[in-house]
Amino acid sequence: MGRISGIRIRNYGPLKNIKLGKLLFDSKGKELTNMNAVIGQSGTGKSTLADAFGFLADCLESGVETACDLNGRGGYETIISQGSRGPIEFEIYYQETSNEPPITYELSIGIDKYDRPIIEKERLRQRRAYERYGRPMSFLFLEYGQGFAFKGNNSGFLEEENQEIGEKVDVALADPRQLGIVTLGELREHPRIVKFKNFLKNWFLCYFSPTAAREIPNAGPQKYLNRLGNNVNNVAQFLYREDPKDFLKVLRSIQTKLPGIKEIKPVKLQNGQLVLEFLEQGFDKPFYSQKMSDGTLKLFAYYLLLHERDARPFVFIEEPENGLYHKYLANLALQMKNSIKSTYSKQLFVTTHSPFFVNSLAPDEVWVLKKQEDGFSTVARASEYEHVKQLCEADIELGDLWYSDYFG
């Protein structure tokens, strides 16, 4: 559970200072929706935005020093915006449920005297449960790994009043390159930190590859698709094991959305593996996934992702249109929107170059990245452009407006 209402990123490559959605002291900001598409010309920072989310997840998993070098990032000096003297900064405005006050997470990453990446500041803040307005309390505050945390759900430090509420614990991390929420998020006495850490831990960034999906996997069920989608059959095995009847319903639902596919069947091999058979129109014998077209495999992986059991709360998909016939994209976008069952169950981010995909979205669901003369990018909602909302209300599709240069 949980949803990002807003995020600010500073000094991360071309993203010198961008804000999407609503932040803590942002009275005019409008919260992010559950479906968020990011568009813009090549080189405006769409992949960097996806990588920024991945960087946060990697910091949680591996620490900031390792995260700076993962996935070809090239180290801190390559990641940080050119000419920047300040640290890399993230601010996440997050809400677990509609009944709980939002939490603000702030993270600043700089370098130490040996030019190694280090966490300069980490803070979590939240208003008290019965307060709708007013200053929030810090319930985690660390500078260079030293600081404090407060136990329980309704405690913290009010800086303006210099007042402590609840039980305070002094914190001294052994390694200031590791996030404090990693250590404290394992302790039951810090339930808010536990929830936020688990939310961050369950982020999923995917770039499905049909070539990878054709790989013959090792036997064994797996609950979730991985980044490349090369464990499709393992996930099918997990879903079939958990509830065979429900999984067959999922397959029947997916096969209606795959052009040219009459039926999809799970087949268990002698070695315990489960593979999928695809029966195409015009053929008597089925094909295994290794022989299916790139587009069919990729579509299948996306629809399987949308049918996950215990869906991950945050999913970031890069350029779903790659390798797909353009007429499939509007329906894929609709199915993605339909997969979001309730306000705090799942949130989707998608980068795309396709106006056909954008045609299925509303102006508040689309963000436009633009590169400025200084080389850095700015971002704005499509609904903020003049006349866009009125034209969409007049039944002109958003992607067509974008293609015709009405905005972006």
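Everything below is about the structure shown above.
This brings us to the overall build of the protein. Along the backbone of the protein there are 13 helices and 19 strands. Its C-alpha atoms put the protein at 75 × 55 × 45 Å along the principal axes. Residue burial in the protein is summarised as follows: out of 408 residues, 54% are buried. Considering only residue pairs separated by 6 or more positions, the protein has 57% of its internal contacts joining residues 24 or more positions apart.

As a further point, take the side chain of D364. Relative to the elements of secondary structure, D364 occurs in the loop between α11 (355-358) and β18 (366-371). Every residue in contact with D364, bar those within four places of it in the chain, is listed here: K30, T33, R381, S383 and K389.

Our next topic: the sheet that holds strand β3 (residues 35-39). Taken in spatial order, the six strands of this open sheet run β12-β16-β17-β3-β18-β19, and their pairing is mixed. What marks the edges here is a single partner per strand, and that holds for β12 (203-206) and β19 (377-381). Averaged over all pairs of adjacent strands, the angle between strand axes in this sheet comes to 20°, irrespective of strand direction. Direction of pairing for β3 relative to β18: parallel, over a ladder of three bridges.

On to the packing of aromatic side chains, then. Scanning the entire structure with this criterion turns up 23 aromatic pairs. For the ring pair Y105 and F196, a centre distance of 4.8 Å and an interplane angle of 45° mean the geometry is tilted. Here Y105, found in strand β5 (residues 103-111), pairs with F196, found in helix α5 (residues 191-201); they are 91 residues apart in sequence, far enough to count as distant. Residue Y105 is classed as buried on the basis of its relative accessible area of 1%.

The next thing to look at is unusual backbone geometry. Phi is positive for N162, close to 50°, though the residue is something other than glycine. Inspection of the secondary structure assignment puts N162 in the loop between β9 (156-158) and β10 (163-165). What makes N162 exposed here is its relative accessible area of 63%. Positive phi, close to 70°, is recorded for D395, a residue that is not glycine.

Conventions we followed
Residues numbered from 1 in each chain as written. Predicted model: local features only at pLDDT ≥ 70, side-chain atom pairs only at ≥ 80, totals over all residues. Heavy atoms only, no water. Helix = DSSP H or I, 4+ residues; strand = E, 2+ residues; numbered from the N terminus. Buried < 20%, exposed > 50% of the residue type's maximum accessible area, 1.4 Å probe, protein only. Contact = heavy atoms within 4.5 Å. Pairing = 2+ DSSP bridges. Axes fitted to C-alpha atoms, helices over the stretch in contact; angles between N-to-C directions. Phe/Tyr/Trp six-rings, centres within 6.5 Å; stacked < 30°, edge-to-face > 60°.

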